[in-house]
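Report on the structure
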Amino acid sequence: MAVAATDLLLEASGISKTYGAVVALRSASLAVRPGEVHALMGANGAGKSTLVKILTGAVRPDSGRIAVSGLERTAHSPAEARRSGLVSVYQEPALIPDLDIRSNLRLADTPIEAFRHWLGELGLGGLDLSSVARQLPLASLRIIDLARALAIEPDVLMLDEMTAALPANLTERVLDVVGRQRGGDRSVIFISHRMIEIAAVCDRATVLREGETVGVVDVTERSEDRIVELMLGQIVEAVPSEAGGRAAHARRAADVTPRLAARSLSSGTKLEDVSFELYPGEVLGVVALDGQGQDELFDILSGSQRPSGGELLVDGSTVSFGHPADAIRAGLVYVAADRAEALLMQRSVAENIALPFTTRIRRWGLIDLGAERRRVAGAVETLQIDARAGGEVRRLSGGNQQKVTIARWVAGGVQTMLCFDPTRGIDIRTKSQIYVLLRDLAAASAAVLLYTSELKEVQLVCDRAIVIFGGRVVAEIDAADADEPALLRAAYNLRSDAALPEAVVAGSVAERASAAEVQQAAAPADTSPPEGDVGRLPGDEG
Amino acid sequence: MSAATGTVDGVRGRPVDELVAWTRRNGWNLSLLAILVVLLVFTKMINSNYGVSSIQGLAISVLPLALAAGAQAICVIGGGIDLSIGSMMALTSVVAASQMKGQGEEFGVAVVLGVLLLGLVLGAINGGVIVVTRVPDIVVTLAMAFVWGGAALLVLKTPAGGSAQWLKDLVLGPAGVEWIPKATVVLLVVVAVVWMPLRRSKVGLSIYAIGSNQLAAFRSGVSVGRTKVIAYALTGLFSASAGLSLTASTGIGNPVPGPYTLMSVAAVVLGGVSLAGGRGGVFGPIIGVLILVLIQNDMAFLSLDPNLALVSQGLILIGVVMFGSLIQWRRSRR
């Protein structure tokens, strides 16, 4: 037998998988050496998740072979894959929501001492094992899931977007623990959209594109461009960065009525005093660290929640939304980060796009199917939705799902679009398509409010940005001045001359939340300290 | 896996905190118990003759229904529902009655064991069909209700048969103290022997797991199909013991199913078991059965139209569940 094969801890080759007409994997291969952290990269829909599911036995491949330590094997369930040394931490925690942590551990035969050890390493040492999983915050669940996987000492550990829902200091701990796996006998397969993390912990990267392995790259400082190139396949036209020009254009004469104006909006203890004006024809960015009240702000604007104080004006007149339908009627439409909140996952692309405007136009009576088809086709075209799997939205990739949520509003003609981190977890190509679309909307004199956790999006898309900290607007910055350091300082509510906290590295805002804040986010929900402390940095009183 | 893992505790709270936590966890059952006590007091108030013999009668009439509720609770916790419980009770009851008639006492023991095994098999068939065909639980068990019901009529055309004397003696009459009916003791023993160890076992955890989140259970290494079959088999076992209790208390086997299936669903809902699966236990539904039966009795004592009793039973069911959700909602907001 080939000698080379035994050098590899895990070798998969020629893996293919189709779901009906949709090809998820064409010919994927992956070779992992012992003691390496191996990145699995690819745009959304490239087949990363399918490959991981196949490796862990959750999905059966149509063809291909998988060998662990040189021995060929096929797993038919996660339990079987686990016995051959492959364990995955999935994007959604695999903990039983109604059982306490101790029972969850027992269910998966996890050695409890080892689990406690890893939990400590990962910064959650104080966890009460009798807490019910349902009552813990997502970040804690993901850490518990990881500690559970580490405790059984798998040969190959697969981490699928492990850091996506984590605050900064937990992310740091996770990266630290993952990095320490290097050089031993065990390996880690690491999936992340964040290049910095890849650069920080990975030795090599396998890049997938459209279900095929298109390259394996040694990760060095200069490999980022190469990886992006491989992922994209073709060069995506860069969004013109003309922030300076836009900022000037955005300055308005005093007599223009803002499309949407908030006056001292407040909501419980989360949102204290937020005021801003959003004018037609502009994209206004909203920047904030996690949990500064932006969730409540968007809930209020989209009609899901009533403010406890303040006033909301649309086209100069006061409005009060008791239901999202009221907001939609006033022309305020909402695009959420979580596609599952917005879409009817079992229904078709066409029905999903048509839903909002059929309910609006044809309140009673029959739906004009011809008109519906035309508008849907127009929207699908505008957004370049890959609708091959259009029969059921849940079978589209995340990026295409997000395009559907935007398309449904564009098809009906949009006046004001509220976007809450619309590009979260989406590949670069779809991201830039969404940027172009938002600019086009603004050019057609729609108004767009864009909360983003990626600071560079502000200069790419927005005319200006407001920064929220502790439930208040603490800064308003023109796009021309809104480079990442400036936004970051403002997001931490620091004066412009103050130094950034040392822990801060490049990445998204969510990653950079302060250590103190993060501790609270990670602690079980019922033990978190009073709200007032959230987001305060040490030495930030001045 | 080891039993020791359960005892490696982290930080132990003060006894008072633990008591509070325990009360919180069992809040629903404790409230049901309180309602039950109030109902008993009310019953005594409207009917001063309510005494030992009434309690004995209540215990006997409640036993089959309580076991049926336990049966339903297990498969609902596992994320399913079984509409064939009443039919399985009828089938096991007539099999027991027809086999025991005219036979010796010792043979009765073999019949009882055989019928319990039959229950396990019937349930396992229900579960197996659901897992293999992937037809929804509600459809499969509805269909199997006809199958088992028809089979019961094949065994006995009309109510007939007999019961071993020891089996009757097992459930009829008081257990030593006149206030404690044997039927209640039997109920507690069955639950203690079958349910309590199960709940703490890995199989029990797996049943809760597949009911709570099937995908997470699968990814935690639980065999979802096997666990489902086990859950339905246990439902069959409880149904068989409910069927046996019918034979024991009436002395015959009746091939026509009583209103047990729907009552068991009602009791499960009242007993704090989430129909979405993964939450609750067996004790709540059993207390729920007592409440439902007592309400019926009280309506009779008040000489109200029995049809009105049915109407009020339905309304009470909705009211209680709504009240429960309200409490949960308020707690989650705090």
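Only a predicted model underlies this, so the values are computations on that prediction, with no experimental measurement involved. (Residues numbered from 1 in each chain as written. Chains lettered and ligands numbered in written order. Predicted model: local features only at pLDDT ≥ 70, side-chain atom pairs only at ≥ 80, totals over all residues.)

Regarding the overall build of chain A
Along its length, chain A carries 19 helices and 20 strands. Burial analysis of chain A (542 residues in total) assigns 49% to the buried set. Of the contacts formed within chain A by residues at least 6 apart in sequence, a portion of 71% connects residues at least 24 apart. (Helix = DSSP H or I, 4+ residues; strand = E, 2+ residues; numbered from the N terminus. Buried ≥ 20, exposed ≤ 12 C-beta atoms within 10 Å, placed from the backbone. Contact = placed C-beta atoms within 7 Å.)

Observations concerning the overall build of chain B
Along chain B, the regular secondary structure elements total 14 helices and two strands. Computed over the C-alpha atoms, the radius of gyration of chain B is 20 Å, within 12% of the 20 Å expected from 2.2 N^0.38 for a compact globule of 334 residues. Taken along its principal axes, the extent of the C-alpha atoms in chain B is 60 × 55 × 40 Å. Buried positions account for 45% of the 334 residues belonging to chain B. Of all intrachain contacts in chain B linking residues separated by at least 6 positions in sequence, the fraction that spans at least 24 positions is 79%. (Rg over C-alpha atoms; globule rule 2.2 N^0.38 Å.)

Some thoughts on the interface of chain A and chain B
In this assembly, 19 residues from chain A lie in contact with 23 residues from chain B. In terms of residue count, helix H4 (residues 101-107) of chain A provides more of the side of chain A that touches chain B than any other element does, four residues in total. Taken together, the residues of the side of chain A that touches chain B break down into twelve nonpolar, one polar and six charged. (Nonpolar A, V, L, I, M, F, W, Y, C, P; charged D, E, K, R; others polar.)

Topic: the pairing of strand S6 (residues 86-89) of chain A
Residue and element names in this part refer to chain A. Burial of the side chains of S6 extends over both faces: Leu-86 and Ser-88 are buried on one face and Val-87 and Val-89 on the other. Note: S6 against strand S7 (residues 156-160), four bridges, orientation parallel. Directly across from Val-87, in S7, lies its bridge partner Leu-157. (Pairing = 2+ DSSP bridges.)

As for helix H9 (residues 202-212) of chain B
Buried residues dominate H9 of chain B, accounting for nine of its eleven residues. Within the span of H9 of chain B, buried status applies to Gly-204, Leu-205, Ser-206, Ile-207, Tyr-208, Ala-209, Ile-210, Gly-211 and Ser-212 of chain B. Where H9 of chain B is buried, its residues meet H4 of chain A together with helix H3 (52-77), helix H8 (182-200), helix H10 (214-219) and helix H11 (224-250) of chain B.

So, the packing of helix H4 (residues 85-100) of chain B against helix H5 (residues 105-133) of chain B
Each packed pair of helices is defined by two parameters, the angle between the axes and the distance between the axes. All names here are of chain B. At a closest axis distance of 10 Å, the pairing of H4 and H5 adopts a crossing angle of 155°. With respect to their mutual orientation, H4 and H5 come out roughly antiparallel. Note that H4 runs across H5; the crossing there is right-handed. Together, Met-88, Thr-92, Val-95, Ala-96, Gln-99 and Met-100 of H4 and Gly-108, Val-111, Val-112, Val-115, Leu-118, Gly-119 and Leu-122 of H5 make up the contact between the two elements. Split by residue class, the contact of H4 with H5 holds nine nonpolar, four polar and no charged. (Axes fitted to C-alpha atoms, helices over the stretch in contact; angles between N-to-C directions. Parallel < 35°, antiparallel > 145°, perpendicular 65-115°, else oblique. Left-handed = near helix turned anticlockwise from the far one by under 90°.)

Re the environment of Leu-36 of chain B
Residues and elements named next belong to chain B. Relative to the helices and strands, Leu-36 resides in helix H2 (residues 27-46). Remark: the alpha-carbon pair of Leu-36 and Trp-148, spanning 112 residues in sequence, is separated by 34 Å. With sequence-adjacent residues up to four places away left out, Leu-36 is seen in contact with Ile-287, Leu-290 and Ile-291.

Looking at the nonpolar core
By size, the foremost hydrophobic cluster in this structure holds 164 residues, and its most contacted members are Ala-147 and Phe-190 of chain A together with Leu-63 of chain B. The element contributing the most residues to this core is H3 of chain B, with 16 residues. Beyond its immediate stretch of four places on either side in the chain, Leu-63 of chain B contacts Val-171, Ala-183, Val-186, Leu-187, Ser-245 and Ser-249 of chain B. Grouped together as the second largest cluster of nonpolar side chains are 81 residues, Val-287, Leu-301, Val-335 and Leu-450 of chain A included. (Core = buried A, V, L, I, M, F, W, Y, C linked by C-beta atoms within 7 Å.)

Brief notes about the pairing of strand S14 (residues 309-314) of chain A
Residues and elements named next belong to chain A. Where strand S11 (residues 260-267) lies against S14, five bridges are found, and the strand directions are antiparallel. When the bridges of S14 are listed, Ala-261 appears paired with Leu-313. In terms of strand pairing, S14 meets strand S15 (residues 317-319) through three bridges, oriented antiparallel. Along S15, the bridge assignment pairs Leu-312 with Val-319. Hairpin connection from S14 to S15: two residues lie between these consecutive antiparallel strands, with Asp-315 at a positive phi of about 50°.

Overview of unusual backbone geometry
Residue and element names in this part refer to chain A. Phi is positive for Glu-210, which is not a glycine, with a value near 50°. Among the secondary structure elements, Glu-210 is positioned in the loop between strand S9 (204-209) and strand S10 (212-218). Classification of Glu-210 as partly exposed rests on a count of 15 C-beta atoms within 10 Å.

A few points about the confidence of the model for chain B
All names here are of chain B. Mean pLDDT for chain B: 88, with 94% of residues reaching 70 or above. Across residues 1-12, where pLDDT falls below 50, the model places ten contacts with residues more than four positions away in sequence or in other chains. Predicted complex metrics record ipTM = 0.80 and pTM = 0.72. (pLDDT = per-residue confidence, 0-100.)

Focus: the packing of H4 of chain B against helix H6 (residues 137-155) of chain B
Residue and element names in this part refer to chain B. With their axes 8 Å apart at the nearest point, H4 and H6 run at an angle of 20° to one another. Considering their axes alone, H4 and H6 lie roughly parallel with respect to each other. Considering how the two elements wind past one another, H4 and H6 form a crossing that is left-handed. Together, Gly-86, Ser-87, Met-88, Ala-90, Leu-91, Val-94, Val-95 and Ser-98 of H4 and Ala-145, Trp-148, Gly-149, Ala-151, Ala-152 and Val-155 of H6 make up the contact between the two elements. Looking at side-chain class alone, the contact of H4 with H6 contains ten nonpolar, four polar and no charged residues.

A closer look at the confidence of the model for chain A
Residue and element names in this part refer to chain A. Per-residue pLDDT for chain A has a mean of 79; in total, 80% of the residues score no lower than 70. Segment residues 1-5: pLDDT under 50, and three contacts once partners within four positions in sequence are set aside and those in other chains are kept. Low pLDDT, under 50, characterises residues 497-542; the predicted model gives this stretch 79 contacts beyond four residues in sequence or across chains.

Thoughts on the environment of Asn-104 of chain A
Residue and element names in this part refer to chain A. Following the sequence through the fold, Asn-104 ends up in helix H4. Sequence separation between Asn-104 and Gly-378 is 274 residues, and the spatial gap between their C-alpha atoms is 49 Å. If we ignore the near neighbours within four places in the chain, the residues touching Asn-104 are Leu-95, Ile-96, Leu-99 and Ala-133.

Examining helix H5 (residues 112-121) of chain A
All names here are of chain A. Taken together, the buried positions of H5 are occupied by Phe-115, Trp-118 and Leu-119. Taken down its axis, H5 places every buried residue within 105° of arc, on the same side. Buried-residue contacts for H5 involve H4 and helix H6 (138-151). At the C-terminal side of H5, Gly-123 shows a positive phi close to 90°. (Arc of directions from axis to C-beta.)

Examining the environment of Glu-224 of chain A
Residue and element names in this part refer to chain A. Its place among the elements puts Glu-224 in helix H9 (residues 223-232). Along the sequence, Glu-224 and Ala-24 sit 200 residues apart, while their C-alpha atoms lie 25 Å from each other. Every residue in contact with Glu-224, bar those within four places of it in the chain, is listed here: Met-195 and Ala-199.

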